[in-house]
Amino acid sequence: MTERDNGGGPRRGQAVAAMAIAAVSLVLVVATWIAWLRVRPKLQEAPEYALVGQVFLLVLGALFFVGLLAGVLAIVLGLTRGGRARGDDLARGGALLGALTCVIALAGAVTFAASPTWTPVAPRPAETYEGSFGTGS
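Remember, it's a predicted structure, so these values are computed and weren't measured experimentally. (Residues numbered from 1 in each chain as written. Predicted model: local features only at pLDDT ≥ 70, side-chain atom pairs only at ≥ 80, totals over all residues. Heavy atoms only, no water.)

Engineer: Help me understand the overall build of the chain in this model?
Structural biologist: Counting its regular elements, the chain contains 4 helices and 0 strands. Along the chain, helices and strands appear, N-terminal first, in the series α-α-α-α. Across the 137 residues that make up the chain, the buried fraction comes to 31%. Of the roughly 8,700 Å² that the chain leaves accessible, carbon and sulfur atoms contribute 70%. (Helix = DSSP H or I, 4+ residues; strand = E, 2+ residues; numbered from the N terminus. Buried < 20%, exposed > 50% of the residue type's maximum accessible area, 1.4 Å probe, protein only. Areas by Shrake-Rupley, 256 points an atom, 1.4 Å probe, with all protein chains shown as cover.)

Structure below.
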């Protein structure tokens, strides 16, 4: 063991954690983008599932922000382990993968914030309410 490992400094576990968190958050952000691009148009066109669609889109937007936070955590863990040093490729890889995750998640968060997801639900026409409550024909 090196002096640095025994002296309470950064340990190898931080580099492994940086890489693991970055890899998992990258998969999360890419899967969120896929769901956003494939499911969002279908949910916005289906008026019978308006509330479910809105909740689903809000959850997808929140996942972009979660991925952004996880990417930042991977960067911090990678840099505090020694990602700037020449010898620690795992810590550097975790920090770089975390940075890539942050870029993709930031693009998703901006897209989510720029396109309003809440569209008012149009009420049914008045003639469909006739007879519903025992009045009318």
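Engineer: Is there a simple way to think about helix α4 (residues 89–114) in this case?
Structural biologist: Because the α-helix completes a turn every 3.6 residues, residues three or four places apart line up on one side. The terminal C-alpha atoms of α4, which comprises 26 residues, lie 37 Å apart, in line with the 38 Å expected from a rise of 1.5 Å per residue. For α4, the complete set of buried residues consists of Ala 91, Gly 93, Gly 94, Ala 95, Gly 98, Thr 101, Cys 102, Ala 105, Gly 108, Ala 109 and Phe 112. (Expected span 1.5 Å × (residues − 1).)

Engineer: Got a minute to help me understand a nonpolar patch on the surface in this structure?
Structural biologist: On the surface, Leu 51, Val 55 and Val 59 cluster together into a nonpolar patch covering about 270 Å² of accessible area. Note on placement: Val 55 falls in helix α3 (residues 50–81). (Patch = residues over 30% accessible without salt bridge, like charges linked within 9 Å, V, L, I, M, F, W, Y side chains within 5 Å. Salt bridge = Lys/Arg side-chain N within 4 Å of Asp/Glu carboxyl O.)

Engineer: Explain the nonpolar core to me, please; I cannot follow it from the model alone.
Structural biologist: The tendency in soluble globular proteins is for nonpolar side chains to be buried side by side. The biggest cluster of nonpolar side chains holds 10 residues, and these are Val 29, Trp 33, Ala 35, Trp 36, Leu 57, Leu 60, Phe 64, Ala 105, Ala 109 and Phe 112. For this core, the elements supplying multiple residues, two or more each, are α2 (12–45), α3 and α4. The dominant element in this core, judged by the number of residues it contributes, is α2, at 4 residues. Each residue touching Val 29, except ones within four places of it in the same chain, is listed here: Phe 64, Gly 67, Thr 101, Ile 104 and Ala 105. (Core = buried A, V, L, I, M, F, W, Y, C linked by side-chain atoms within 4.5 Å. Contact = heavy atoms within 4.5 Å.)

Engineer: Looking at this structure, I do not really get the confidence of the model for the chain. What am I missing?
Structural biologist: Predicted confidence across the chain gives a mean pLDDT of 78, with 69% of residues reaching 70 or more. Here helix α1 (residues 3–6) stands out as the least confident element of the chain, with mean pLDDT 48; α4 is the most confident, with 91. (pLDDT = per-residue confidence, 0-100.)

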